[in-house]
Amino acid sequence: MKVILNPAKETWNELCQRPQLNLEFLEGSVKNILARVKTSGDEALRELTLQFDKIKLGGLKVSENEINEAIASVPTDLKKAIEIAAKNIEKFHASQKRDVVQVETTPGVVCWRKAEPIQKVGIYIPGGSAPLFSTVLMLSIPAKLAGCEEIILCTPPDSNGKVNPAILFAANFTGVKNIFKVGGAQAIAALAYGTESISPVSKIFGPGNQYVTKAKLQVNLEGTAIDMPAGPSEVLVWADENANPSYVAADLLSQAEHGADSQVILVTSNERIVKSVLDQINIQLEKLPRKEIAKEALTNSRAIVLENETAVAFINTYAPEHLIINTKDCDEQVNKIKNAGSIFLGQFTPESAGDYASGTNHTLPTNGFAKSYGGVSLESFLKYITIQKISKEGLNNLGPAIERMAEAEQLSGHAEAVRVRINNQ
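Residues numbered from 1 in each chain as written. Predicted model: local features only at pLDDT ≥ 70, side-chain atom pairs only at ≥ 80, totals over all residues. Heavy atoms only, no water.

**Q** So what about the overall build of the protein? Which residues, and what values?
**A** Each helix and strand counted, the protein has 17 helices and 14 strands in total. Projected onto the principal axes, the alpha-carbon positions of the protein cover approximately 85 × 60 × 45 Å. Per-residue burial for the protein yields a buried fraction of 49% across its 425 residues. For the protein, restricting intrachain contacts to residue pairs at least 6 apart in sequence, the fraction spanning at least 24 positions comes to 74%. Looking at the protein as shown, the accessible area adds up to about 20,300 Å², and 50% of this sits on carbon and sulfur atoms. Distance between charge centres in the protein, computed from 43 positive and 48 negative side chains, equals 3 Å. (Helix = DSSP H or I, 4+ residues; strand = E, 2+ residues; numbered from the N terminus. Buried < 20%, exposed > 50% of the residue type's maximum accessible area, 1.4 Å probe, protein only. Contact = heavy atoms within 4.5 Å. Areas by Shrake-Rupley, 256 points an atom, 1.4 Å probe, with all protein chains shown as cover. Lys, Arg positive; Asp, Glu negative; His and termini not counted. Charge placed at Lys NZ, Arg CZ, Asp CG, Glu CD.)

**Q** Hey, could you go over helix α5 (residues 76-94) for me, with residue numbers and the actual values?
**A** Look at α5: 27 Å from first C-alpha to last across 19 residues, which is about the 27 Å you get at 1.5 Å a residue. Residues of α5 that are buried make contact with α4 (64-73), α6 (133-146), α7 (165-173) and α15 (351-356). (Expected span 1.5 Å × (residues − 1).)

**Q** Outline the sheet that holds strand β2 (residues 103-106), supporting the account with residue identities and numerical values.
**A** Strand order in the open sheet formed by three strands is β2-β3-β14, and the pairing between neighbours is antiparallel. A single partner strand is all that each edge strand has here, and the edge strands are β2 and β14 (382-390). The mean angle between the axes of side-by-side strands here comes to 30 degrees, regardless of whether they run parallel or antiparallel. Summarising the sheet, β2 and strand β3 (residues 109-117) pair through three bridges and their orientation is antiparallel. Across the sheet, residue Thr106 finds its bridge partner in β3, namely Val109. Of the strands in this sheet, β2, β3 and β14 are in contact with helix α16 (residues 392-408), which crosses β14 at around 95 degrees. (Pairing = 2+ DSSP bridges. Axes fitted to C-alpha atoms, helices over the stretch in contact; angles between N-to-C directions.)

**Q** Account for the packing of α5 against α6, naming residues and giving values.
**A** Look at α5 against α6: their axes get within 10 Å of each other, and the N-to-C directions meet at 40 degrees. With respect to each other, α5 and α6 are oriented oblique. The interaxial crossing formed by α5 with α6 has right-handed handedness. Residues Leu78, Ile82, Ala85, Ala86, Ile89, Glu90, His93 and Ala94 of α5 form the contact with α6, whose participating residues are Phe133, Leu137, Met138, Ile141, Pro142 and Leu145. Classifying every residue of the contact of α5 with α6 gives twelve nonpolar, one polar and one charged. (Parallel < 35°, antiparallel > 145°, perpendicular 65-115°, else oblique. Left-handed = near helix turned anticlockwise from the far one by under 90°. Nonpolar A, V, L, I, M, F, W, Y, C, P; charged D, E, K, R; others polar.)

**Q** Pulling in residues and values, what's your account of the nonpolar core?
**A** Membership of the largest hydrophobic core comes to 41 residues, with the highest contact counts inside it found for Val121, Leu137, Leu153, Ile179 and Phe381. At the level of secondary structure, the elements contributing two or more residues to this core comprise α4, α5, β4 (120-124), α6, β5 (150-155) and α7. Not counting chain neighbours up to four residues away, the residues in contact with Ile179 comprise Leu60, Lys61, Val62, Ile67, Leu153, Leu168 and Ala171. With 29 residues, the next largest nonpolar core counts Leu48, Ala189, Ile204 and Ala215 among its residues. (Core = buried A, V, L, I, M, F, W, Y, C linked by side-chain atoms within 4.5 Å.)

**Q** Requested: an account of helix α11 (residues 271-285), with residues and values cited.
**A** Over its 15 residues, α11 runs 21 Å from end to end, which matches the ideal 21 Å to within 8%, given 1.5 Å per residue. For α11, every residue scored as buried is listed here: Ile273, Val274, Val277, Ile281, Gln284 and Leu285. The buried residues of α11 occupy an angular sector of 100 degrees when the element is viewed end-on, so they sit on one face. Exposed side of α11, more than 90 degrees from the buried face: Arg272 and Lys275 are the residues found there. Those residues of α11 that are buried lie in contact with β1 (2-5), β9 (234-239), α10 (245-256), β10 (263-268), α12 (291-299) and β11 (302-305). (Arc of directions from axis to C-beta.)

**Q** Can you explain the pairing of strand β12 (residues 322-326)? Please cite residues and give values.
**A** Along β12, five of the five residues are buried, which leaves the element largely enclosed by surrounding structure. In this sheet, β12 lies alongside β9 in parallel orientation, the contact comprising five bridges. Residue pairing for β12: Leu236 is matched across the bridge by Leu323. As paired elements, β12 and strand β13 (residues 342-345) share four bridges and run parallel to each other. Bridge pairing in β13 links His322 to Ser342.

**Q** Lay out the packing of aromatic side chains with the relevant residues and their values.
**A** When we look at a pair of aromatic rings, we describe it by the centre distance and by the angle of the planes. Under the definition given, this model contains six aromatic pairs. Pairing Tyr247 with Phe348 gives two aromatic rings, centres 6.2 Å apart and planes at 55 degrees, and the pair type is tilted. Residue Tyr247 is found in helix α10, and its partner Phe348 is found in the loop between β13 and α15; the two are separated by 101 residues along the sequence. Feature note: the residues Trp12, Phe314 and Tyr318 constitute an aromatic cluster, connected by ring pairs. (Phe/Tyr/Trp six-rings, centres within 6.5 Å; stacked < 30°, edge-to-face > 60°.)

**Q** How would you explain the sheet that holds strand β7 (residues 203-205) if you had to name every residue and give the values?
**A** Read from one edge to the other, the open sheet built from five strands follows the order β6-β5-β4-β7-β8, with strand pairing classed as parallel. Of all strands in the sheet, those bounded by a partner on one side alone are β6 (178-181) and β8 (225-226). In this structure, β5 lies alongside β6, joined through four bridges in parallel fashion. Paired with Thr155 across the strands is Lys181, a residue of β6. Across the sheet, helix α8 (residues 184-193) is in contact with β4, β5 and β7; its angle to β4 comes to roughly 175 degrees.

Shown next as structure tokens:
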């Protein structure tokens, strides 16, 4: 983990760069995968699963027997933990429902919005060495609350051609039945274009590696909506002299273990804090089963020493997916943060609480996209339709303004649509 002391502002953009694959290779590879699935459907999905996951699949859909076997194999204590997390996630997202508010903008002119669920949504659940069953809860629960009619889940199979039992338990617990053993960019292609087995959806949700993220961005250009660009995980921890170095180290490692392309950042005003944290990282790293992955992620990571006010400006420039403010004055400092996916305040709020069970959503913008995107919420699964109703009085009040503006834009037909009503009352 590289230590950088008081970097000049003109170097910040470089410091905010995330690790990336060769962009030309990445784009070409993803385009090829998308084209194959678009042309050959299920056949391409089976070929690509054999190529990338080394698994020869027959049926792509997870059978009812597989779901039942998986549910039976999940330990009781894990089931209870998932149920606790689901309850909190449902409670937090249900609180986001809005009342319909009608507004009379001019006497006789009433406008309002109504929310309608997106009918068909796809959710992508990363698998591989760290199958994220928690993401099933984060996406399927708000989708159900919103009233989405159909939810299709795609996730890569393991080395035995199976889906992780906890993923299947979480899906079944939240009422998701259409589950397919497809991962990577090919899963995004299947959800966007449809295949013989998988119906196309209107919007795709879920995090993933750089291939998944690039595929989401590509199909978005072609007309399929996505939640946000959500790629490799990242965390920025802002710590002062009051922070416990072991807590800070644990928070950094909790994200570093996600993947070799993850990035963790420590920001502090004191070089001594950096040394204490790095010492703790070295101690804790040896106990991690995924220490080799974490070590590689740490080579892409940085500890940066900055004064507090400058630290705020740097954090807003970096726009982290996860921001932990472990400072004595965290309740004051949080008000200065403009760009972050999700914020965790104080020494007893680990990022892992948000990843699993506090209730907030962990599907968040990465790679600086927190400057323009928020995380997944109930509203991510809704679309709003504006409605208006105008009385005779209302049209008489507002009509002249409409006519004048339409004529000024040389759209006389627009003006006539008002004029014909006023003249024939």
